[in-house]
Amino acid sequence: METLVVDHPLVAHKLTALRDVTTDSPTFRRLADELVTLLAYEATRQVRVTELTVRTPVAPATGVRLAQPYPLVVPILRAGLGMLEGMTRLLPTAEVGFLGMIRDESTLQAQTYATRLPEDLSGRQVYVLDPMLATGGTLAAAIRFLFDRGADDVTAICLLAAPEGIAHLDEALSDAGRPVRLVTAALDERLNENGYIVPGLGDAGDRLYGVV
Ligand code: URA
């Protein structure tokens, strides 16, 4: 899997504030939103475009526009929702599908509890949003689900990643035969015994939306 850790002082600045335990929910939401837009800029480097010619007030100019079918953005519920606006700000014509996955805290296995996606994803470039790549179980299951529906290539955007999660994705998707990319703001040290990223930022869903 191609992994890009975005190295930029603004990314590092926003991530540091997100990590800070004293950052409140409204600020956390705003910073996550801004950080995703910065990550999305890098994540969309390979978005498909077609050439076209427009007329400027002076002369014809060749350029590009997003190719169709437009990309599909898939936030993984619930925490991925906190990344959606930051992503669609950069890709306003993208379609949005939803995938509800939850991690069973005792087994750490991912389970699907909701889907709202086109049945046929043939030829689609898909951007999956999930703030924390921890064990990788949820993301691997989500990407497998998208490939099973025919997605062409998948780019996962995560605020943070753990080495264990990257290794799991590499192994779980080794037979996928289609490109998978990961774009993240940082690669942290490890997971702790509860499956949390260390040093991480805690539970992303709770910090975005509170504990329900
Ligand atoms: N999910 C989170 O929200 N945080 C972690 O550290 C790991 C998984």
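This section reports on the structure supplied with the text.

Rules behind the numbers
Residues numbered from 1 in each chain as written. Predicted model: local features only at pLDDT ≥ 70, side-chain atom pairs only at ≥ 80, totals over all residues. Heavy atoms only, no water. Helix = DSSP H or I, 4+ residues; strand = E, 2+ residues; numbered from the N terminus. Rg over C-alpha atoms; globule rule 2.2 N^0.38 Å. Buried < 20%, exposed > 50% of the residue type's maximum accessible area, 1.4 Å probe, protein only. Contact = heavy atoms within 4.5 Å. Areas by Shrake-Rupley, 256 points an atom, 1.4 Å probe, with all protein chains shown as cover. Lys, Arg positive; Asp, Glu negative; His and termini not counted. Charge placed at Lys NZ, Arg CZ, Asp CG, Glu CD. Near = heavy atom within 4 Å. Polar contact = N/O pair within 3.5 Å; in protein donor to acceptor, adjacent residues only side chain to side chain. Nonpolar A, V, L, I, M, F, W, Y, C, P; charged D, E, K, R; others polar. Salt bridge = Lys/Arg side-chain N within 4 Å of Asp/Glu carboxyl O. Expected span 1.5 Å × (residues − 1). Pairing = 2+ DSSP bridges.

Time to look at the overall build of the chain. Each helix and strand in the chain was counted, giving six helices and 13 strands. In terms of overall size, the chain behaves like a compact globule, its C-alpha atoms giving a radius of gyration of 17 Å where 212 residues would be expected to give roughly 17 Å. Based on the C-alpha atoms only, the size of the chain along its principal axes is roughly 60 × 35 × 30 Å. Buried positions account for 46% of the 212 residues belonging to the chain. Sequence separation of 24 or more characterises 73% of the internal contacts of the chain that already satisfy a separation of 6 or more. Looking at the chain as shown, the accessible area adds up to about 10600 Å², and 53% of this sits on carbon and sulfur atoms. In the chain, 19 positive and 27 negative side-chain charges are present, and the distance between their average locations comes to 7 Å.

We now examine the site of the ligand. Neighbouring the ligand are Arg103, Met132, Ala134, Gly195, Tyr196, Ile197, Gly202, Asp203 and Ala204. Backbone polar atom of Ile197 to an oxygen atom of the ligand: 2.8 Å apart, as the coordinates give it. Measuring from an oxygen atom of the ligand, one finds a backbone N or O atom of Ala204 at 2.7 Å. When isolated, the ligand has an accessible area of 240 Å², and the protein chains bury 89% of it. Grouping the amino acids of the shell around the ligand by side-chain chemistry returns five nonpolar, two polar and two charged.

For the rest of this paragraph, the subject is the side chain of Asp33. Position of Asp33 among the secondary structure elements: in helix 2 (residues 25–43). For Asp33, a relative accessible area of 14% puts it in the buried group. In this structure the side chain of Asp33 is engaged in a polar contact, spanning 3.1 Å, whose partner is the backbone nitrogen of Gly86.

Once that is clear, we can look at the environment of Val54. By the element assignment, Val54 lies in strand 2 (residues 49–55). For Val54, a relative accessible area of 43% corresponds to the partly exposed category. Measuring from C-alpha to C-alpha, the distance between Val54 and Val64 comes to 9.5 Å, with 10 residues separating the pair along the chain. If we ignore the near neighbours within four places in the chain, the residues touching Val54 are Ala59, Pro60 and Ala61.

Quick look at the pattern of salt bridges now. This model, assessed by the stated rule, comprises 12 salt bridges. Notably, a salt bridge pairs Asp188 with Arg19, separated by 2.7 Å at the nearest N-O pair. On the criterion of sequence distance, the pair formed by Asp188 in the loop between strand 11 (180–187) and strand 12 (190–191) and Arg19 in helix 1 (residues 9–19) is long-range, its members being 169 residues apart. Asp188 sits in the buried class, given a relative accessible area of 9%. For Arg19, a relative accessible area of 25% puts it in the partly exposed group. The salt bridge involving Asp153 is made with Arg181; its shortest N-O contact spans 3.2 Å. Within this pair, whereas Asp153 is found in strand 10 (residues 153–161), its partner Arg181 is found in strand 11, the two being separated by 28 residues in sequence. For Arg181, a relative accessible area of 9% puts it in the buried group. Residues joined by salt bridges that share partners form a network here, namely Arg48, Asp152, Asp153 and Arg181.

This brings us to helix 4 (residues 137–148). Between its terminal C-alpha atoms helix 4 stretches 16 Å, which fits the 16 Å expected from 12 residues at 1.5 Å a residue. Positive phi appears at Gly150, one or two residues downstream of helix 4, with a value of about 105 degrees.

This brings us to the pairing of strand 10. In terms of burial, strand 10 is a largely internal element, nine of the nine residues being buried. Pairing of strand 8 (residues 125–129) with strand 10 involves five bridges; the strand directions are parallel. Each residue of the ladder has a partner; that of Gln125, found in strand 10, is Asp153. Sheet topology note: the strand 9 (residues 132–133)/strand 10 ladder contains two bridges and is parallel. Counted as the bridge partner of Met132 is Leu160 from strand 10. Two strands pair when backbone bridges link them, and strand 10 and strand 11 are joined in this way by seven bridges, in the parallel orientation.

These figures come from the coordinates and say nothing about function on their own.
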